Amino acid sequence: MTDTSSPHDPGGPDRGTGWNSVTVPPVTTLLLRHGDTPLSPQKRFSGVSEVGLSADGVAQARAAARRLAERGGISAVLSSPLRRARQTAEIVADGLGRRPVVVDDDLRETDFGAWEGLTFEEVRAAWPDEAAAWSSDPAVAPPGGESFTDTLARLQRVRARVVERLPAGTVLLVSHVGAIKTLVVMALQAPLASMHRMFLDSACLSEIDWFRDGTAVVRAFNDTAHLRAAACGCASSAAPVPAGGVAAEDAGA
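For clarity, every value in this text was computed on a predicted model and none was experimentally measured.

Procedures and definitions
Residues numbered from 1 in each chain as written. Predicted model: local features only at pLDDT ≥ 70, side-chain atom pairs only at ≥ 80, totals over all residues. Heavy atoms only, no water. Pairing = 2+ DSSP bridges. Helix = DSSP H or I, 4+ residues; strand = E, 2+ residues; numbered from the N terminus. Axes fitted to C-alpha atoms, helices over the stretch in contact; angles between N-to-C directions. Contact = heavy atoms within 4.5 Å. Salt bridge = Lys/Arg side-chain N within 4 Å of Asp/Glu carboxyl O. Buried < 20%, exposed > 50% of the residue type's maximum accessible area, 1.4 Å probe, protein only. Parallel < 35°, antiparallel > 145°, perpendicular 65-115°, else oblique. Nonpolar A, V, L, I, M, F, W, Y, C, P; charged D, E, K, R; others polar. Expected span 1.5 Å × (residues − 1). Core = buried A, V, L, I, M, F, W, Y, C linked by side-chain atoms within 4.5 Å.

(A) Broad picture of the sheet that holds strand β1 (residues 27-33). Across the sheet, six strands lie side by side as β3-β2-β4-β1-β5-β6; this open sheet has mixed pairing. Where the open sheet ends on each side, the last strands, each with one partner, are β3 (101-103) and β6 (216-223). Adjacent strand axes in the sheet meet at a mean angle of 20°, parallel and antiparallel pairs treated alike. In the sheet, strand β2 (residues 74-79) pairs with β3 via three bridges, with the strands oriented parallel. Note that in β3 the partner of S79 across the bridge is V103. Running over the sheet, helix α5 (residues 148-165) touches β1, β2, β4 (169-175) and β5 (205-210) and is turned about 135° from β1.

Here is the structure:
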């Protein structure tokens, strides 16, 4: 099938409004960001660097695994090839009964090129013009890196593979900020630059229903109930990822 989506229309042509009558069950994607790495608390660009989970990141992944095991119904686990995502996916897959993890290269994080390992403040100090252009235009790539427009093209392939080739059901995608935000932008038919106004915590869950007619419905975003439950030792308070669409807590930008 030819995808006629464009960088200016991430959702593609006539993707529907979400109010259509449902005749075929959707493919539901649960989107799990990987747990913390040593770079996460410092808000440094990780990109395609092979950095692993920190001790906190392992604990976050285990909390997500417990919640997803309680939810049940997950038919497949797909992961970015990058170490931090694969570690998270493997922890969750073990919690689901040692379900196999399928690596999908298109789920990798955006390549930030020369900026990897740096904070945005350090980037702005060293590349003020490039940083300003990157912040305002998703077609602009960091030096030696990848633009968000390029990332969009990859995630359109992921959507096609998951929605058009897999049976209706629930699939877990373990990935990164850039990839998850891009899928949300696609589902909302929002401008690609709107991803700069979204915030995703480590090991958060988001949920999107994708219908065969092109309609998509975002049911949850940046859901961290399992992390709060783990912090207070009250695992039973972690509600399942909502099946009817509940607005997530606004974590800010």
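(B) Representation of the pattern of salt bridges within the structure. Taken as a whole and judged by the stated rule, the model has eleven salt bridges. With a closest N to O distance of 2.9 Å, R154 and E146 form a salt bridge. Among the ionic pairs, D209 bridges to R219, the shortest N-O distance being 2.4 Å. Highlighted residues: D209 in strand β5 and R219 in strand β6, separated in sequence by ten residues. Overall, D209 belongs to the buried group, its relative accessible area being 3%. For R219, a relative accessible area of 21% translates into the label partly exposed. What emerges from the salt-bridge pattern is a single network uniting D104, D105, D106, R108, R157 and R161.

(C) Representation of the packing of α5 against helix α6 (residues 177-188) within the structure. Axis separation between α5 and α6 bottoms out at 10 Å; the angle between their running directions is 70°. As far as their axial angle goes, α6 and α5 are roughly perpendicular. Residues T151, L152, L155, Q156 and R159 of α5 pack against G178, A179, T182, L183 and M186 of α6. Of the residues that constitute the contact of α5 with α6, the class distribution is five nonpolar, four polar and one charged.

(D) Highlighting helix α1 (residues 55-71). Taking 1.5 Å of rise per residue, 17 residues should cover 24 Å, and α1 covers 25 Å from first to last C-alpha, within 8% of that figure. Taken residue by residue, α1 has G57, Q60, A61, A63, A64, A65, R67 and L68 as its buried positions. Positive backbone phi, at 70°, marks G72, one or two positions downstream of α1.

(E) Spotlight on α6. Between its first and last C-alpha atoms α6 spans 16 Å; for twelve residues at 1.5 Å apiece the expected length is 16 Å, and the two agree. Of all twelve residues that make up α6, ten are buried, and the element is covered over most of its length. Those residues of α6 that sit buried are G178, A179, I180, K181, T182, L183, V184, V185, M186 and A187. Elements in contact with the buried residues of α6: β1, α5, β4, β5 and β6.

(F) Structural detail: the nonpolar core. L78, L155, L173, L183, I208 and W210 are the most contacted members of the largest nonpolar core, which has 35 residues in total. If you list the elements that add at least two residues to this core, you get β1, β2, α4 (128-136), α5, β4, α6 and β5. Counting residues per element, this core draws most heavily on α6, at seven residues. In this structure I208 touches V27, T28, T29, L31, L183, V184, A187, A216, V217 and V218, once residues within four positions along its chain are discounted. Judged by nonpolar contacts, the second largest core, of 14 residues, contains L32, L68, I74 and L96.

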